[in-house]
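So the chains spell out like this:
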Amino acid sequence: MAHLGEVFIVDDDAAVRDALSLVLSLEGYHVRGFSDGAAFLSVARAHVPSCVVLDVHMPGRSGLDILKELEADRYPAPIFIISGQGDIPMAVDAIRHGALDFIEKPFDADTVLERVRDAIAAHGRRASAEPGDLLTAHFPGHDLLTPREREVLVQIASGASNKEAGRTLGISPRTIEVHRARIMEKLGAKNAADLVRIVLKDMRD
C-alpha cells in the first residue's frame, strides 16, 4: 500500500486516538497519536506532518492554546479541530487562529478520513498552483488578511458559492462563511458584491 502521508492525532481520549488511527492507517496514512499538547508541540515544531487532527478540550493546554503556541496561521500543514456542538464558538475562534476547519462531534471515523483526504489534496493543489492575482495583489487591507482568508477571497471574487469554495479549499461551507464575514469586516465591505468591487477597483487603480 502506498504511503499517503503522516497524520498527527492529538486527543487525551485513547479510544478516539485508537479509532482514528486504525481507519487512517488502513487507508495508507502513517499515524502518530499524542495524548497531550506538550508532547505534540515538541514534535510538530521539528517535524511537519501532512495533517493534524486536534481535540479542542484537553487537560492543561486546550486545542486553542496549542494553536496559538504553534502559530497555526503560519503552520505549513492543515489542522482540524474536533469540537462538540457546544464548542462551536470556540471552534470559530480556532479557525481565526489558524485551524483549517472543525470536525463536529459526534463523528464517524469515515467522515474524518474523508475530511483529512480532501484537506491534504487541497493543500497539495495550493502548494503547486500558480498564485492568483488576488493572492499577490497589494490592495488596501491586503496585509490584514491571513493567507487562508486571501484564498477564500479568490474564491469569492470568482463567484464561487460557499459550497464550491469549500470543495476547492477542502473545508466546510460553514467555515467559508466564517472567513467571508472576517474578510468583509477587515475590508469594510457591506456584502459580497461590495467586497468584489472594493478589491477589483483597488487592483485596477
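Higher on the page you've got the structure.
A brief report on the enclosed structure follows. Within every chain, residues take consecutive numbers counted from 1 along the sequence as written. Two thresholds apply to this predicted model, a pLDDT of at least 70 for residue-level local features and 80 or more for giving and counting side-chain atom pairs, whereas whole-chain, interface and lining totals are computed over all residues. Side-chain metrics rest on all non-hydrogen atoms present in the structure, leaving aside hydrogens and water.

## Examining the side chain of Arg17
Spelled out, the test is: Put simply, DSSP marks the helices as runs of H or I at least four residues long and the strands as runs of E at least two long, and each gets a number from the N terminus on. Think of it in three bands: residues with accessible area under 20% of the maximum for their type are buried, residues over 50% are exposed, and the middle band is partly exposed, with areas taken using a 1.4 Å probe on protein chains only. Residues scored as positive are Lys and Arg, those scored as negative are Asp and Glu, and His as well as the terminal groups of each chain are ignored. Salt bridge, as used here: a side-chain nitrogen of Lys or Arg that lies within 4 Å of a carboxyl oxygen of Asp or Glu.
For Arg17, the location among the structural elements is in helix H1 (residues 14-27). One buried charged residue, Arg17, forms no salt bridge at all, with the nearest opposite charge on Asp18 at 5.5 Å.

## As for the environment of Val154
With respect to the secondary-structure elements, Val154 resides in helix H7 (residues 147-157). Of the residues examined, Val154 reaches a relative accessible area of 25% and is grouped as partly exposed. Note: C-alpha distance between Val154 and Val196 (42 residues apart in sequence) is 9.6 Å.

## A look at the sheet that holds strand S4 (residues 79-83)
For the record, the criterion: Paired strands are those between which DSSP finds at least two bridges. Axis lines are fitted through C-alpha atoms, for helices just across the contact stretch, and the angle between N-to-C directions can take any value from 0 to 180 degrees. Pairs of residues are marked as contacts when any of their non-hydrogen atoms sit within 4.5 Å.
Read from one edge to the other, the open sheet built from 5 strands follows the order S2-S1-S3-S4-S5, with strand pairing classed as parallel. Two strands lie at the open edges of the sheet, namely strand S2 (30-34) and strand S5 (101-104), each paired on one side alone. The mean angle between the axes of side-by-side strands here comes to 20 degrees, regardless of whether they run parallel or antiparallel. Across 4 bridges, the pairing between strand S3 (residues 51-55) and S4 is parallel. For Val53, the partnering residue across the bridge sits in S4 and is Phe80. Contacts from helix H4 (residues 88-96) reach S4 and S5 within the one sheet, and its direction differs from that of S5 by about 155 degrees.

## Description of H1
Our working definition: Here the expected span of a helix is defined as 1.5 Å times the quantity of residues minus one. Pairing of N or O atoms within 3.5 Å defines a polar contact, subject to two protein rules: one partner must be a possible hydrogen donor and the other a possible acceptor, and residues neighboring in sequence count only if both atoms are side-chain atoms.
Between its terminal C-alpha atoms H1 stretches 20 Å, which fits the 20 Å expected from 14 residues at 1.5 Å a residue. Among the residues of H1, those classed as buried are Val16, Arg17, Leu20, Ser21, Val23 and Leu24. Regarding H1, its N-cap is Asp13, as a side-chain oxygen of that residue lies 2.9 Å from the backbone nitrogen of Ala15 further along. A positive backbone phi angle near 120 degrees is found at Gly28, which sits one or two residues after H1.

## Details of the packing of H4 against helix H9 (residues 173-187)
Put simply, the test is: An angle below 35 degrees is read as roughly parallel, one above 145 as roughly antiparallel, one from 65 to 115 as roughly perpendicular, and any other as oblique. Here a crossing is taken to be left-handed if its near helix is turned anticlockwise relative to the far helix by less than a right angle, and right-handed if that turn runs clockwise.
Interaxial distance between H4 and H9 falls to 11 Å at its minimum, and their mutual angle equals 60 degrees. The pairing of H4 with H9 is recorded here as oblique in orientation. The interaxial crossing formed by H4 with H9 has right-handed handedness. Contact with H4, carried on its side by Ile88, Val92, Ile95 and Arg96, involves Arg174, Thr175, Val178, His179 and Arg182 of H9 and no other residues of that element.

## Details of the pattern of salt bridges
Where charged atoms from two side chains of opposite charge come close, those side chains can pair. Tallied over the entire structure, the rule returns 10 salt bridges. Note that Glu69 is salt-bridged to Arg61, the shortest N-O span being 2.6 Å. Owing to a relative accessible area of 34%, Arg61 belongs among the partly exposed residues under this scheme. Residue Asp101 is joined to Arg115 by a salt bridge in which the shortest nitrogen-to-oxygen separation is 2.7 Å. A residue pair is termed long-range when its members are at least 10 positions apart, and Asp101 in strand S5 and Arg115 in helix H5 (residues 109-128) qualify at 14 residues. Pair check on accessibility: Asp101 and Arg115 agree, each one buried.

Any functional reading would require information beyond the geometric quantities listed.
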